Amino acid sequence: NAGVTQTPKFQVLKTGQSMTLQCAQDMNHNSMYWYRQDPGMGLRLIYYSASEGTTDKGEVPNGYNVSRLNKREFSLRLESAAPSQTSVYFCASQSHTDTQYFGPGTRLTVL
Amino acid sequence: GQQVMQIPQYQHVQEGEDFTTYCNSSTTLSNIQWYKQRPGGHPVFLIQLVKSGEVKKQKRLTFQFGEAKKNSSLHITATQTTDVGTYFCAVSGGSNYKLTFGKGTLLTVNP
């Protein structure tokens, strides 16, 4: 099993460009999450999907949209990237015991 | 939502010294989880504590859940360079499927 996979691993954007971060899990988990991690700020929840067909805002949703494409896949879209969105983005899925499994992350720089 | 305070933010030790990080909440927790993130890596689940006063050990790591279920600690005995990384506690929000992460403690070990 691959666990949680994310693409791309690295990305550089110019201000105003758009992009979609992809995430997939093969553990048959219902819940999936997107976090951003900035120095000294810990992990901040952007959006989550408790089950296929539902999505909800987390702590820092502004500037982002998500799509729960199916049970396996949960994508994060930046419509118009800003330098403040420079960060490391992690996708995670959650087991029935509330344990979260993280992907390897996407390191995004917005110039 | 749930809030957790994690201290210290940073800890630098000499190899062989002990290390402890603490997680505190103002409200009673249903459970608490601990994660480790190596530099450049992603958070990895270590353990979950559920019962009041629970103590669990993983080799040199000892995890405790307070009697009142409002605090927890992770203690590493005789640190090694492989222990370097950021340790996060995380608490679940009950039925809302979300985990709230502490800001983490960054441990560095001088060989």
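What you see is a predicted model, and the numbers here were worked out from it, not measured in a lab. (Residues numbered from 1 in each chain as written. Chains lettered and ligands numbered in written order. Predicted model: local features only at pLDDT ≥ 70, side-chain atom pairs only at ≥ 80, totals over all residues. Heavy atoms only, no water.)

Asker: Would you explain the overall build of chain A in this entry?
Answerer: Tallying secondary structure elements over chain A gives 0 helices and 11 strands in all. Counting helices and strands in the order they occur from the N terminus, chain A gives β-β-β-β-β-β-β-β-β-β-β. Taken along the three principal axes of its C-alpha coordinates, chain A extends 40 × 25 × 25 Å. Intrachain contacts of chain A at a sequence separation of at least 6 include 53% that bridge at least 24 residues. Accessible surface for chain A amounts to roughly 5000 Å². Of this, 49% is attributable to carbon and sulfur atoms. Looking at chain A, you have 10 positive and 8 negative side-chain charges, and the mean spots of the two groups are 7 Å apart. (Helix = DSSP H or I, 4+ residues; strand = E, 2+ residues; numbered from the N terminus. Contact = heavy atoms within 4.5 Å. Areas by Shrake-Rupley, 256 points an atom, 1.4 Å probe, with all protein chains shown as cover. Lys, Arg positive; Asp, Glu negative; His and termini not counted. Charge placed at Lys NZ, Arg CZ, Asp CG, Glu CD.)

Asker: Please clarify how the sheet that holds strand β6 (residues 55-58) of chain B should be interpreted in this entry.
Answerer: In a beta sheet, neighbouring strands are held together by backbone hydrogen bonds and run either parallel or antiparallel to one another. Residues and elements named next belong to chain B. One open sheet holds the 5 strands; their spatial order is β1-β3-β8-β7-β6, and the pairing between them is antiparallel. For this open sheet the edge positions go to β1 (5-7) and β6, each flanked by a neighbour on one side alone. Recorded for the sheet is a direction-independent mean angle of 15° between the axes of neighbouring strands. Pairing of β1 with strand β3 (residues 19-24) involves 3 bridges; the strand directions are antiparallel. The residue bridging I7 from the neighbouring strand is Y22, located in β3. (Pairing = 2+ DSSP bridges. Axes fitted to C-alpha atoms, helices over the stretch in contact; angles between N-to-C directions.)

Asker: Could you clarify how one ought to interpret the interface of chain B and chain A in this entry?
Answerer: In many reports, interface size means the accessible area that the parts give up when they come together. Listed as interface residues are 19 residues of chain B and, on the opposing side, 21 residues of chain A. Interface area, chain B with chain A, both sides summed: about 1600 Å², of which 55% is carbon and sulfur. Summed over the shared surface of chain B and chain A, the result is 0 salt bridges. Taken together, chain B and chain A are joined by 4 residue pairs in polar contact (both at pLDDT 80 or more). Every element with two or more residues in the side of chain B that touches chain A is listed here: β4 (32-37), β5 (44-49), β9 (85-92) and β10 (99-101) of chain B. When residues of the side of chain B that touches chain A are assigned to their parent elements, the largest contribution, 3 residues, is made by β4(B). Looking at the side of chain B that touches chain A, its residues break down into 7 nonpolar, 10 polar and 2 charged. (Buried area = accessible area lost by both parts, 1.4 Å probe. Salt bridge = Lys/Arg side-chain N within 4 Å of Asp/Glu carboxyl O. Polar contact = N/O pair within 3.5 Å; in protein donor to acceptor, adjacent residues only side chain to side chain. Nonpolar A, V, L, I, M, F, W, Y, C, P; charged D, E, K, R; others polar.)

Asker: Help me understand the environment of A:N30 in this model?
Answerer: Residue and element names in this part refer to chain A. Mapping N30 onto the fold places it in the loop between β3 (19-25) and β4 (31-38). Classification of N30 by relative accessible area gives partly exposed; the value is 42%. Separated by 66 residues in the primary sequence, N30 and H96 have C-alpha atoms spaced 8.3 Å apart. Here N30 is in contact with S49, A50, S51, E52, R68, K71 and Q94, once residues within four sequence places are set aside. A polar atom in the side chain of N30 sits 3.2 Å from the side chain of K71. (Buried < 20%, exposed > 50% of the residue type's maximum accessible area, 1.4 Å probe, protein only.)

Asker: Quick question: what am I supposed to make of the state of the cysteines here?
Answerer: Residues and elements named next belong to chain A. Taken as a whole and assessed by the stated rule, the structure comprises 2 disulfides over all chains. For C23, the disulfide goes to C91, at an S-S distance of 1.8 Å. As the torsion about the S-S bond is roughly -70°, the C23-C91 disulfide counts as left-handed. Remark: C91 occurs in strand β9 (residues 87-94) and C23 occurs in strand β3; sequence separation between them is 68 residues. (Disulfide = S-S within 2.5 Å.)

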